[in-house]
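Given next are the chains, with one letter for each unit.
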Amino acid sequence: MTDNTPMDPDNAKTVARVLTEALPYIQRFSKKTLVIKYGGNAMVDEDLKRGFARDIVLLKQVGMNPVVVHGGGPQIGKLLAQLGKETRFVDGLRVTDRETMDVVQMVLGGLVNKEIVNLINQFGGRAVGLTGKDGGLIRARRLEHRRMATDPEASEIIDLGHVGEVASIDPSVVHMLDSGNFIPVIAPVGVGEDGMAYNINADLVAGKMASVLGAEKLILLTNTPGVLDGQGQLLTGLTAQQVDDLIADGTIHGGMIPKIHCALDAVKSGVRAAHIIDGRVSHAVMLELLTDKGVGTLIRG
């Protein structure tokens, strides 16, 4: 407390209960790596942004190693509009010519990345911003996007320009920052063998990063509560096989499929658990990691 005003007894009991509930999770995840994909409403609401930064600092303070991978689609779209640059999407993917890629790098590696770094540092953390170009962190290759037609033989490969996928990750610079008690904040821009920059989906980068780092957990912040059943009830504690079954029967569909595939790939490659949580909930990361009930969908390895 910062003054001499006595705490209300009921509030004191609540604080004590929360801390007691969190203790075994803090002990379990001490010195473990947590890869957190930061995006959606959590990145645009001022209170949520500040809450996220404080949560990351607290996780580091109690001995965990958070690694933040962030997106920035709305911010990219906003700047492109201000510049009078038309944005075109194919199956949800932004067509990225060289001029658009310049804006992507400016926004992801500059404006967004440094805002996150600054917020974490304001709350006492030691964050360092990176893109995949730094230290050869993310090697990329051009994404070949195949648009399917009713007739499979009529499908075509669409050129999306500087849109890539992860070819490989060299985690050396992340290990160095972790060992120095820094918090890596990574923008999902990779570099190809041709020396060109590529914009990569942040969920995919986070999933691959978690796999390469041997992370304890992959946490994906979204604008939905998590995986829901047919009645709109939250599903959690799922195994990889159960998730495969839910995809097969159509329970998991639409925009959730790419995220769930990302989570599945991570747990199948050795990440202990993946979480899809609602970034619109204040302190969602803390609630999912350090409480018994959590606030999202847990997928076990």
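Residues numbered from 1 in each chain as written. Predicted model: local features only at pLDDT ≥ 70, side-chain atom pairs only at ≥ 80, totals over all residues. Heavy atoms only, no water.

By the naming in an unreviewed UniProt entry, the chain is Acetylglutamate kinase, taken from Ectothiorhodosinus mongolicus. Among the UniProt annotations of the chain, the heading Function (unreviewed entry) holds the following wording: "Catalyzes the ATP-dependent phosphorylation of N-acetyl-L-glutamate." Under the Pathway (unreviewed entry) heading, UniProt states for the chain: "Amino-acid biosynthesis; L-arginine biosynthesis; N(2)-acetyl-L-ornithine from L-glutamate: step 2/4." (UniProt positions renumbered as here; feature names shortened; annotations may be inferred.)

> Whenever I open this one, the overall build of the chain confuses me. Can you help?
Within the chain one finds nine helices and 15 strands. In terms of principal-axis extent, the alpha carbons of the chain reach across some 70 × 40 × 35 Å. Burial analysis of the chain (301 residues in total) assigns 47% to the buried set. For the chain, restricting intrachain contacts to residue pairs at least 6 apart in sequence, the fraction spanning at least 24 positions comes to 73%. In the structure as shown, the chain presents an accessible area of about 15000 Å², 51% of it carried by carbon and sulfur atoms. Where the 31 positive side-chain charges of the chain centre and where its 35 negative ones centre are 5 Å apart. (Helix = DSSP H or I, 4+ residues; strand = E, 2+ residues; numbered from the N terminus. Buried < 20%, exposed > 50% of the residue type's maximum accessible area, 1.4 Å probe, protein only. Contact = heavy atoms within 4.5 Å. Areas by Shrake-Rupley, 256 points an atom, 1.4 Å probe, with all protein chains shown as cover. Lys, Arg positive; Asp, Glu negative; His and termini not counted. Charge placed at Lys NZ, Arg CZ, Asp CG, Glu CD.)

> Please explain the pairing of strand β1 (residues 33–38) as it appears in this structure.
Looking down a regular strand, the side chains alternate between one sheet face and the other. Most of β1 sits inside the fold, with six of its six residues counted as buried. Residues Thr33, Val35 and Lys37 point to one face of β1 and Leu34, Ile36 and Tyr38 to the other, with burial holding for every one of them. Two elements, β1 and strand β2 (residues 65–70), share six bridges in a ladder whose sense is parallel. Directly across from Val35, in β2, lies its bridge partner Val67. Each parallel crossover has a hand, and for β1 linked through helix α2 (residues 46–61) to β2 it is right-handed. For β1 and strand β13 (residues 217–222), the ladder comprises four bridges, and the chain directions are parallel. (Pairing = 2+ DSSP bridges. Right-handed = clockwise from strand over helix to strand, strands pointing away.)

> How should I be thinking about the sheet that holds strand β14 (residues 273–278) in this particular structure?
Strand pairing in a sheet relies on backbone hydrogen bonds. The paired strands run either parallel or antiparallel. Strand order in the open sheet made by the seven strands is β5-β10-β2-β1-β13-β14-β15, with mixed pairing throughout. Looking along the sheet, the strands with just one partner apiece sit at the ends: β5 (127–131) and β15 (296–300). Sheet twist, expressed as the average angle between the axes of neighbouring strands with direction ignored, equals 20 degrees. Here β2 runs beside strand β10 (residues 183–187); their pairing, made up of two bridges, is parallel. Paired with Val69 across the bridge in β10 is Ile186. (Axes fitted to C-alpha atoms, helices over the stretch in contact; angles between N-to-C directions.)

> What should I look at first to understand the pattern of salt bridges in this one?
A pair can form between side chains of opposite charge whenever their charged atoms are brought close. One pass over the full model with this rule turns up 10 salt bridges. Lys49 is the salt-bridge partner of Glu46, the closest N and O atoms lying 2.9 Å from each other. One end of the pair, Glu46, and the other, Lys49, are both in helix α2, three residues apart, so they sit about a helical turn from each other. Judged by relative accessible area, which is 7%, Lys49 ranks as buried. Members of the salt-bridge network, linked through shared partners, are Lys37, Asp203 and Lys259. (Salt bridge = Lys/Arg side-chain N within 4 Å of Asp/Glu carboxyl O.)

> Explain unusual backbone geometry here, please?
Negative phi values dominate among residues other than glycine, just as trans dominates among peptide bonds. Even without being glycine, Lys31 reaches a positive phi, approximately 70 degrees. As for its placement among the helices and strands, Lys31 is situated in the loop between α1 (9–29) and β1.

> Hey, could you run me through the UniProt feature "binding site: substrate" (unreviewed entry) in the chain in this one?
Per the UniProt record, the feature "binding site: substrate" (unreviewed entry) sits at Gly72, Gly73, Arg94 and Asn199. In sequence the annotated residues extend across 128 residues, while in space they remain close, none of their C-alpha pairs exceeding 12.2 Å. Within the fold, Gly73 resides in helix α3 (residues 73–82). Structurally, Arg94 can be placed in strand β4 (residues 93–94). Side-chain polar atoms of Arg94 contact the backbone oxygen of Gly73, separated by 3.2 Å. (Polar contact = N/O pair within 3.5 Å; in protein donor to acceptor, adjacent residues only side chain to side chain.)

> Could you clarify how one ought to interpret α2 in this entry?
Side chains three or four residues apart in an α-helix point the same way, a direct result of the helix having 3.6 residues per turn. With 16 residues, α2 extends 23 Å from end C-alpha to end C-alpha; this agrees with the ideal 22 Å at 1.5 Å per step. All buried positions along α2 are accounted for by Leu48, Lys49, Gly51, Phe52, Ala53, Asp55, Ile56, Val57, Leu59 and Lys60. Its side-chain oxygen placed 3.1 Å from the backbone nitrogen of Asp47, Asp45 serves as the N-cap of α2. (Expected span 1.5 Å × (residues − 1).)

> Even after reading the chapter, I still don't get the UniProt feature "site: Transition state stabilizer" (unreviewed entry) in the chain, so can you show me in this structure?
Under the UniProt annotation, "site: Transition state stabilizer" (unreviewed entry) lies at Lys37 and Lys259. For this annotated set, covering 223 residues, all C-alpha atoms fall within 10.8 Å of each other, a compact arrangement in space. Assessed through its relative accessible area of 9%, Lys37 is described here as buried. Leaving out residues up to four positions away in the same chain, Lys37 has contacts with Val69, Ala202, Asp203, Ala206, Ile219, Leu220, Leu221 and Lys259. At 3.4 Å, the side chain of Lys37 and the side chain of Asp203 are in polar contact. Residue placement: Lys259 occurs in helix α8 (residues 256–268). Setting aside residues up to four positions removed in sequence, Lys259 forms contacts with Lys37, Asp203, Leu220, Thr222 and Ile276.

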